[in-house]
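Chains, contacts and geometry: an overview
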Amino acid sequence: MKKIEVYILSGFLGAGKTTLLTNILQQEKERNRKIAVIMNELGEVSIDSNAIPENTPLAELLNGCVCCTIQGQLEVQLHNIIEENELDAIYIETTGVAHPIEVLDACMSPLFADRLQIKSIITLIDSNRWLDQSNLSIQLKKLLQEQVIHADIVLINKVDQLSESEKANIVMNIQQLNSKGKIILTEYADINLEQLQGGTVQEKKSHEQVHVHNHLHIRTYVHSFSRSVDLNEFENFLKTMPDTIYRIKGYMKFRHSDNTYLFQYSYGMPLYLKEPVTMKNILVFIGENLDHEVLKAALNRLERKEADI
Ligand SMILES: Nc1nc2c(ncn2[C@@H]2O[C@H](COP(=O)(O)OP(=O)(O)OP(=O)(O)O)[C@@H](O)[C@H]2O)c(=O)[nH]1
């Protein structure tokens, strides 16, 4: 089955996320692709959802942030949207204060992770806000930086309000934080879909496009198990995980028990909880520069050990 592309739109309040989404949806429509949108807003009513065309499946998550208070709701909405529609892509517009990795985490439920392909985290920057961070708290400054650090594509938006030297400064600043991401300067988030979807990579023609690299930064890997594994062997495997693996979660079966276990791992700490029902055995990995082949080979080895006994 073809996987559904997922794009996460991140960026501080007012940076231009809705402007970008409106632009993207128009281009997706011209390409006849089936798109759904999930919008998360902190308020009780959605203001931005008016920007979404009527026939586009839309889920709104209001009154909380998907990366913390209403993380579970994103899972439910994603699940419903996937079940009810045949889709090419889902765009998730996050609240301005969402942390991109937490949002990625919320998207990767082991229940349906194998049906999604996280394509990219796209962070928009309000240029003026970026240059004038002096009014922001330390926490908010840190958040703005994190949104840039973890992005695959950084759109430096509202450049109509910048001088040439300010443009150069901001690009240098962003490159220092994220040397792997693709950096693009925009006005009203005006960008070709191909630039976002990694189709045609633009050459550096002028100050308008500064292409650096086109590899996914934070990556996910989904592994399906066909049989149970040995718990000790699995724990040894976990010890080999580098610090750049932020999160592992899923459902597993171990040789010593008939139960399915919900497995959670963050910051090096594993947690196993017995599940009352049997689940599809699947593990989701989220980390920086994950090597799919290495993980796959190691996990396959764990399964083979079991089979050989
Ligand atoms: N001058 C200028 N204004 C822009 C640009 N891009 C967006 N805007 C305006 O900035 C305002 C905020 O844009 P939105 O797209 O609503 O931003 P957002 O990130 O969705 O905002 P929140 O939903 O509050 O987080 C709107 O009035 C836009 O028209 C730009 O490149 N230049």
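Note that this is a predicted model, so its numbers are computed, not measured.

Calculation notes
Residues numbered from 1 in each chain as written. Predicted model: local features only at pLDDT ≥ 70, side-chain atom pairs only at ≥ 80, totals over all residues. Heavy atoms only, no water. Salt bridge = Lys/Arg side-chain N within 4 Å of Asp/Glu carboxyl O. Helix = DSSP H or I, 4+ residues; strand = E, 2+ residues; numbered from the N terminus. Buried < 20%, exposed > 50% of the residue type's maximum accessible area, 1.4 Å probe, protein only. Pairing = 2+ DSSP bridges. Axes fitted to C-alpha atoms, helices over the stretch in contact; angles between N-to-C directions. Contact = heavy atoms within 4.5 Å. Polar contact = N/O pair within 3.5 Å; in protein donor to acceptor, adjacent residues only side chain to side chain. Phe/Tyr/Trp six-rings, centres within 6.5 Å; stacked < 30°, edge-to-face > 60°. 1 Å grid on protein atoms, 1.4 Å probe; cavity = no way out; pocket = protein on both sides within 12 Å on 5 of 7 lines; lining within 4 Å. Points joined across faces, edges and corners; volume = space filled by probe spheres on them. Nonpolar A, V, L, I, M, F, W, Y, C, P; charged D, E, K, R; others polar. Near = heavy atom within 4 Å. Areas by Shrake-Rupley, 256 points an atom, 1.4 Å probe, with all protein chains shown as cover. Expected span 1.5 Å × (residues − 1).

1. Section: the pattern of salt bridges
Throughout the structure, instances matching the rule amount to 12 salt bridges. Of the charged contacts in the structure, one is a salt bridge between glutamate 28 and arginine 33, with a shortest N-O distance of 2.8 Å. Here lysine 158 and aspartate 126 are joined by a salt bridge, their closest N and O atoms 3.3 Å apart. Of this pair, lysine 158 sits in the loop between strand S6 (153-157) and helix H6 (164-177) while aspartate 126 is found in strand S5 (residues 116-126), placing the two residues 32 residues apart along the sequence. A residue is classified by how much of its surface remains accessible, and lysine 158, at 24% relative accessible area, is partly exposed. Residues joined by salt bridges that share partners form a network here, namely Glu5, Glu28 and Arg33.

2. Looking at the sheet that holds strand S12 (residues 269-275)
The strand order S9-S13-S10-S11-S12 describes an open sheet built from 5 strands, whose pairing is antiparallel. Every interior strand has two partners, whereas the edge strands, strand S9 (218-224) and S12, have only one. In this sheet, neighbouring strand axes are inclined to one another by 10° on average, regardless of whether the strands run parallel or antiparallel. Of the pairings in the sheet, the one linking S9 to strand S13 (residues 282-288) comprises 7 bridges and is antiparallel in character. Each bridged residue has a counterpart across the sheet, and for valine 222 the counterpart in S13 is valine 284. Relative to the sheet, helix H3 (residues 100-107) contacts S9, strand S10 (245-253) and S13, its axis offset from that of S10 by approximately 15°.

3. Some details on the environment of asparagine 85
With respect to the element layout, asparagine 85 can be found in the loop between helix H2 (71-84) and strand S4 (89-93). Remark: the alpha-carbon pair of asparagine 85 and alanine 36, spanning 49 residues in sequence, is separated by 8.4 Å. In this structure the side chain of asparagine 85 is engaged in a polar contact, spanning 3.0 Å, whose partner is the backbone oxygen of isoleucine 81.

4. Regarding the packing of aromatic side chains
Using the criterion set out here, one finds 10 aromatic pairs in the structure. Measuring from ring centre to ring centre gives 6.3 Å for phenylalanine 237 and phenylalanine 285, while their planes differ by 85°; the resulting arrangement is edge-to-face. A residue pair is termed long-range when its members are at least 10 positions apart, and phenylalanine 237 in helix H8 (residues 231-239) and phenylalanine 285 in strand S13 qualify at 48 residues. The exposure classification of phenylalanine 237 matches that of phenylalanine 285, with both residues buried. Among the aromatic side chains, those forming a connected cluster through ring pairs are Tyr221, Phe234, Phe237, Phe254, Tyr261, Phe263, Tyr265, Tyr272 and Phe285.

5. Observations regarding empty space enclosed by the protein
All told, the structure shown has 2 cavities of 30 Å³ or more when counted by the stated rule. Size it by volume and the largest cavity reaches roughly 60 Å³. Of all elements in the fold, only S5, helix H4 (127-131) and helix H5 (138-149) reach the threshold of two or more residues within the lining of the largest cavity. For the lining of the largest cavity, the element with the highest residue contribution is S5, accounting for 4 residues. For the lining of the largest cavity, the per-class residue count stands at 6 nonpolar, 3 polar and 2 charged.

6. Re the layout of surface pockets
In this structure, the second largest pocket spans a volume of roughly 220 Å³. Here the element with the most residues in the lining of the second largest pocket is helix H1 (residues 17-30); it accounts for 3 residues. Broken down by class, the residue content of the lining of the second largest pocket amounts to 5 nonpolar, 2 polar and 5 charged.

7. Considerations on the site of the ligand
The full set close to the ligand counts 16 residues, and Lys17, Thr18, Thr19, Asp160 and Tyr188 are the nearest of them. Glutamine 161 places a polar side-chain atom, nitrogen or oxygen, 3.2 Å from a nitrogen atom of the ligand. Taking tyrosine 188, its main chain carries an N or O atom lying 2.5 Å from an oxygen atom of the ligand. Coverage of the ligand by the protein chains reaches 71% of its 650 Å² of free accessible surface. Of the residues that constitute the shell around the ligand, the class distribution is 4 nonpolar, 6 polar and 6 charged.

8. Some details on H1
The end-to-end C-alpha distance of H1 is 20 Å, a good match for the 20 Å that 14 residues give at a rise of 1.5 Å each. Looking at H1, one finds that the buried residues are Lys17, Thr18, Leu20, Leu21, Asn23, Ile24, Leu25, Gln27 and Glu28. Buried-residue contacts for H1 involve strand S1 (4-11), strand S2 (35-40), S4, S5, S6 and helix H7 (193-197).

9. A word on unusual backbone geometry
Located in the positive-phi region is asparagine 32, a residue other than glycine, with phi close to 55°. You can see asparagine 32 is positioned in the loop between H1 and S2.

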